[in-house]
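Structural features, examined
Listed here are the chains, written in short residue letters.
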Amino acid sequence: MQSQSKFPVSALFTVLMFGFMYLPIAVLAFYSFNAAPNSAQWKGFTFSWYVKFFQDNRILSALGDSLLVASLATAIAAVIGTLMAIGLSRYQFYGKKLFQGAVYLPLIIPDIAIAVATLVFLAVIAVPLSLWTIVAAHVVFCLAYVALVVSTRLTNLDPNLEEAALDLGASPLQSLVFVLLPQLAPAIISGCLLAFVLSMDDFLIASFTAGGGVNTIPMEIFSRVRTSVRPDMNALSVVLMIASASVALIAEVIRYQSEKKRFQ
Amino acid sequence: MKAPSVSETPSIAPRWLQPLLMLAPASLWLLLLLIVPTLIIFQLSLVPNIKPGDVVIPSGLDNYWRIFQPETFSIIRRSFLLASGTTLGCLVLGFPVAYWIALSSPKRWRNLLLLGFTLPLWTSSLLRSYAWVSILRRTGVLNSILTSIGLPALDLLYQPIAVLIGMIYSLLPYMVLILYASLEKLDRQLLEAAADLGATPFQAFWRVTVPQCLPGIAAGSLLVFITGAGDFVNPELLGGTASRTAARSIYDQFLGATQNWGFGSALSMILILVVSLAIALLIKYGDRNAKSI
């Protein structure tokens, strides 16, 4: 496979797979401008599906709920996840391996199991379901992603910088704020962006932990597309995809810049 | 990483309190919302026919026996069959892509190519599955292409094959990411040595490349299998009633019309158990491979 003569075959296959990855996205985009509501045939260009969902109050309020949940969960996870990653890199204690295992558990346990566990727990302690219970549940997996990204960065840092700061008379708090955190900032930001996008995307955990009045955007989308094909959902997907792809690109640029700095 | 001087200097908090201050908030959160709840669902799973508000008295394995009744068992089996098929599909489709990006593509493009391949992951998983409805349905994109070139239309939507396509599509980027990470570290000198010693490219591939990235293959397969086994959205949107999976059954026991929290908890525990087993296998198997290289 590594020889030059076979290059075109594997390259062609990769191109095909890229096509596979982008086909559904292209289809959604195509339908979102198609005047025909229910056909694969092109019936003329229209913006009406976009206008329709921008006037849809249910969609807009669901979007608001989602943005609020994702922002709060990410903010909480950023603080306690970063603290935990620093703590884990710095201290040795009995049961550390087990502890780390528990932290990363939400990355591999199926969403449905986390959703069930949270719902049952909230029922046992009799906390009414609300926007806050979704936030609390989302922090669990956001925390894991922030901690993972920050930990990776921590293992690549130069510990001498912090020691130098301490030798020069900085207090541990000063060295944390002025030396360690600036070095961790790119990792914290990209961890947060990842957590944010995942929180915006979560359907299962939110539907188990949302109260009656709360409706996140995945919950709203699910209830609409489950039964029928909806042209305004195509328009919504295009807007959401552009938004989250931009976030992904920003995260990647931040990561790339910080890598470049490190190797200079 | 060690920074011993940090804890030796006088500071705002006594030395023994520092790790506690840093680790306590996150630990408490995890303990309250992940560990304790899991113990509670284990307890609930031992109670037959429980509804919200009932007094919980663990009284046996009835819920677990019920899982092995043909009706439920076929759903569990379907979940794991779909997950296995997805794993195999992602491996077969993903390996050549990861291989080409890691070893044959121009070096300066590699990061960009990888980002390009995984970019769809950042968009709504629900909407990407929904897109497959538009492609696979009777009057959808695929069938209009097929009929326009004179081929018969296919009824793929609401069949297990549609679920499989949706699941492979959703999880392929993860597989490529993990395979890429292990192929990137491949020792090419070993491949050259194999060629010098007279191995055909095929032999070199099987006996040099594959063993070296076996830990990556195992990790990627595990991740895809686990995620696939717990998938809710793809079976729900693409599968129809004949493709009901474990996640949907659990959903029904908690939020659906047939509420039975005890049985739902038992189903949940089975899923957690299988996942833990798979991870344990990976840790054991993965380590052995790392050592043998």
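Residues numbered from 1 in each chain as written. Chains lettered and ligands numbered in written order. Predicted model: local features only at pLDDT ≥ 70, side-chain atom pairs only at ≥ 80, totals over all residues. Heavy atoms only, no water.

A short note on the overall build of chain B
Going by this rule: Strands are runs of DSSP state E lasting at least 2 residues, helices are runs of H or I lasting at least 4, and numbering of each runs from the N terminus. Burial here depends on accessible area, computed with a 1.4 Å probe over protein chains only, as a share of the maximum for the residue type. Under 20% is buried, over 50% is exposed, and the range in between is partly exposed. Note on definitions: a residue-residue contact is assigned when non-hydrogen atoms from the two residues lie within 4.5 Å. Surface accessibility in these figures is a Shrake-Rupley result with a 1.4 Å probe; residues are shielded only by whichever protein chains are displayed.
For chain B, the helix and strand inventory stands at 14 helices and 0 strands. Seen in sequence order, chain B has helices and strands lined up from the N terminus as α-α-α-α-α-α-α-α-α-α-α-α-α-α. The burial tally for chain B puts 52% of its 293 residues in the buried class. A sequence separation of at least 24 residues applies to 66% of the contacts in chain B between residues at least 6 apart. Carbon and sulfur atoms make up 68% of the accessible area of chain B, which totals about 14,100 Å².

Here's the deal with the overall build of chain A
Counting secondary structure elements, chain A contains 11 helices and 0 strands. The linear arrangement of helices and strands in chain A, starting from the amino end, is α-α-α-α-α-α-α-α-α-α-α. Viewed in the frame of its principal axes, chain A has a C-alpha envelope of about 70 × 65 × 30 Å. Counting across all 264 residues of chain A, residues that qualify as buried make up 53%.

Details of the packing of helix α8 (residues 160–184) of chain B against helix α11 (residues 214–229) of chain B
Residues and elements named next belong to chain B. We apply this condition: All axes are obtained by fitting lines to C-alpha atoms, using only the stretch in contact for helices, and the reported angles, taken between N-to-C directions, cover 0 to 180 degrees. Any angle from 65 to 115 degrees is called roughly perpendicular, while one under 35 is roughly parallel, one over 145 is roughly antiparallel, and all others are oblique. A clockwise turn of the near helix away from the far one marks a right-handed crossing, whereas an anticlockwise turn of less than a right angle marks a left-handed crossing.
Between α8 and α11, the least distance of the axes is 8 Å, while the angle of their chain directions is 160 degrees. Taken together, the axis directions place α8 and α11 in an arrangement best described as roughly antiparallel. Seen from above, α8 lies across α11 with right-handed handedness. In this structure, α8 contributes Met167, Leu171, Tyr174, Met175, Ile178, Leu179 and Ser182 to the contact, and α11 contributes Gly216, Ile217, Ala219, Gly220, Ser221, Leu223, Val224, Thr227 and Gly228.

Points about the pattern of salt bridges
Side-chain pairs of opposite charge can arise whenever the charged atoms involved come near each other. Applicable threshold: Basic side-chain nitrogens of Lys or Arg form a salt bridge, by our definition, when they fall within 4 Å of a carboxyl oxygen of Asp or Glu.
With the rule as written, the count across this model stands at 9 salt bridges over all chains. Between A:Arg224 and A:Asp232 there is a salt bridge whose closest N-O contact spans 3.6 Å. For the residue pair A:Arg224 and A:Asp232, the accessibility class agrees, reading buried in each case. In this structure, B:Asp155 and B:Arg138 form a salt bridge, with 2.9 Å as the shortest nitrogen-oxygen distance. Highlighted residues: B:Asp155 in the loop between α7 (141–148) and α8 and B:Arg138 in the loop between α6 (125–136) and α7, separated in sequence by 17 residues. Here the salt bridges share partners, and the residues they tie into one network are A:Asp56, A:Arg58, A:Glu220, A:Arg224 and A:Asp232.

What to know about the environment of B:Ser134
Tracing the backbone shows B:Ser134 in helix α6. For the pair B:Ser134 and B:Leu157, spaced 23 residues apart in the sequence, the C-alpha separation amounts to 9.4 Å. Once you skip the residues sitting within four places of it in the chain, B:Ser134 turns out to touch A:Val27, A:Tyr31, B:Gly140 and B:Val141.

A look at the packing of aromatic side chains
What counts, and what does not: Note on aromatic contacts: the rings of Phe and Tyr and the six-membered ring of Trp form a pair at centre separations within 6.5 Å, being stacked when their planes are under 30 degrees apart, edge-to-face when over 60 apart, and tilted otherwise. Charge over a ring is defined by NZ of Lys or CZ of Arg lying within 6 Å of the ring centre and within 35 degrees of the ring normal.
Throughout the structure, instances matching the rule amount to 25 aromatic pairs over all chains. Ring centres of A:Phe47 and A:Tyr50 lie 6.0 Å apart, and the angle between their planes is 75 degrees; on these two criteria the pair is classed as edge-to-face. A:Phe47 sits in the exposed class, given a relative accessible area of 53%. Between B:Tyr99 and B:Phe205 the ring centres are 6.0 Å apart and the planes differ by 70 degrees, which places this aromatic pair in the edge-to-face class. Of this pair, B:Tyr99 sits in helix α4 (residues 70–104) while B:Phe205 sits in helix α10 (residues 201–212), and the two are 106 residues apart along the sequence. Residue B:Phe205 is classed as buried on the basis of its relative accessible area, which comes to 16%. Grouping aromatic residues by their ring pairs yields a cluster made of A:Phe203, A:Phe208, A:Phe222, B:Phe232, B:Tyr251, B:Phe254 and B:Trp261. B:Arg66 extends its terminal NZ or CZ atom over the ring of B:Phe263, reaching a point 3.7 Å from the ring centre.

Structural notes on a nonpolar patch on the surface
All names here are of chain A. Under the convention used in this document: To count toward a patch, a residue needs a relative accessible area over 30% and no salt bridge; like charges are then connected within 9 Å, while nonpolar side chains (Val, Leu, Ile, Met, Phe, Trp, Tyr) are connected within 5 Å.
A cluster of nonpolar side chains, contributed by Phe30, Trp42, Phe45, Phe47 and Val51, occupies part of the molecular surface with about 530 Å² of accessible area. Of note, Val51 is situated in helix α2 (residues 48–54). Here Val51 falls in the partly exposed class, since its relative accessible area comes to 43%.

Notes on the interface of chain B and chain A
For an interface, size is often stated in terms of accessible area lost upon the parts coming together. Cut-off, in case you're wondering: Buried area: the accessible area, evaluated with a 1.4 Å probe, that two parts lose upon being put together, summed over both parts. In protein, a polar contact requires one atom able to donate a hydrogen and another able to accept it; more generally it is a pair of N or O atoms within 3.5 Å, and residues adjacent in sequence count only if both atoms are side-chain atoms.
Counting residues at the interface gives 88 residues for chain B and 91 residues for chain A. In total, chain B and chain A occlude about 8,300 Å² of area from one another, counting both sides; carbon and sulfur atoms represent 80% of this. At the junction of chain B and chain A, the tally comes to 1 salt bridge. Where chain B meets chain A, there are 7 residue pairs in polar contact (both at pLDDT 80 or more).

Some details on the nonpolar core
Residue and element names in this part refer to chain A. Keep this limit in mind: Note on terminology: a nonpolar core comprises buried Ala, Val, Leu, Ile, Met, Phe, Trp, Tyr and Cys residues joined through side-chain atoms within 4.5 Å.
If you look at the biggest cluster of nonpolar residues, it comprises 150 residues, and the most contacted ones within it are Met84, Ile112, Phe208 and Ile221. If you tally residues by element for this core, the top one is helix α6 (residues 131–155), at 14 residues. Counting 9 residues, the second largest nonpolar core, distinct from the first, contains Leu193, Ala245, Ala248 and Ala251.

Concerning unusual backbone geometry
Within the chain, A:Ala126 stands out as a residue other than glycine whose phi angle is a positive 55 degrees. A:Ala126 gets classed as exposed once you look at its relative accessible area, which sits at 62%. In this structure, B:Tyr158 is a non-glycine residue whose phi angle is positive, near 65 degrees. Along the polypeptide, B:Tyr158 turns up in the loop between α7 and α8. On the basis of relative accessible area, B:Tyr158 is assigned to the partly exposed category, the value being 43%.

Section: the confidence of the model for chain A
Residue and element names in this part refer to chain A. Inclusion rule: You can read pLDDT as the predictor saying how much it trusts each residue, on a scale of 0 to 100.
Summing up the model confidence of chain A, the mean pLDDT is 86 and the portion of residues at 70 or higher is 94%. Highest mean pLDDT in chain A belongs to helix α9 (residues 204–209) (94); lowest belongs to helix α7 (residues 159–167) (79). Note on residues 1–5: pLDDT under 50 across the span, and 6 contacts to partners over four residues away in sequence or across chains.

Observations regarding the side chain of B:Thr245
Within the secondary structure, B:Thr245 sits in the loop between α12 (233–238) and α13 (246–255). Excluding residues that lie within four positions of it along the chain, B:Thr245 makes contacts with B:Ile75, B:Ser79, B:Leu82, B:Asp231 and B:Pro235.

Comments concerning the side chain of B:Ser105
Residue and element names in this part refer to chain B. Among the secondary structure elements, Ser105 is positioned in the loop between α4 and α5 (110–118). For Ser105, a relative accessible area of 2% puts it in the buried group. When residues no more than four places from it in sequence are discounted, the contact partners of Ser105 are Trp100, Arg110 and Leu113.

Examining the packing of α4(B) against α11(B)
Residue and element names in this part refer to chain B. We apply this condition: Any residue outside Ala, Val, Leu, Ile, Met, Phe, Trp, Tyr, Cys, Pro, Asp, Glu, Lys and Arg is labelled polar, Gly included; the first ten of those are nonpolar and the last four are charged.
Two numbers describe how α4 lies on α11: the axes approach to 8 Å, and their chain directions differ by 140 degrees. Comparing the axis directions of α4 and α11 gives the class oblique. Considering the relative orientation of α4 and α11, their crossing is right-handed. Together, Ser79, Phe80, Ala83, Ser84, Thr86, Thr87, Cys90, Leu91 and Phe95 of α4 and Ile217, Ser221, Val224, Phe225, Gly228 and Ala229 of α11 make up the contact between the two elements. Its residues assigned to classes, the contact of α4 with α11 comprises 9 nonpolar, 6 polar and no charged.

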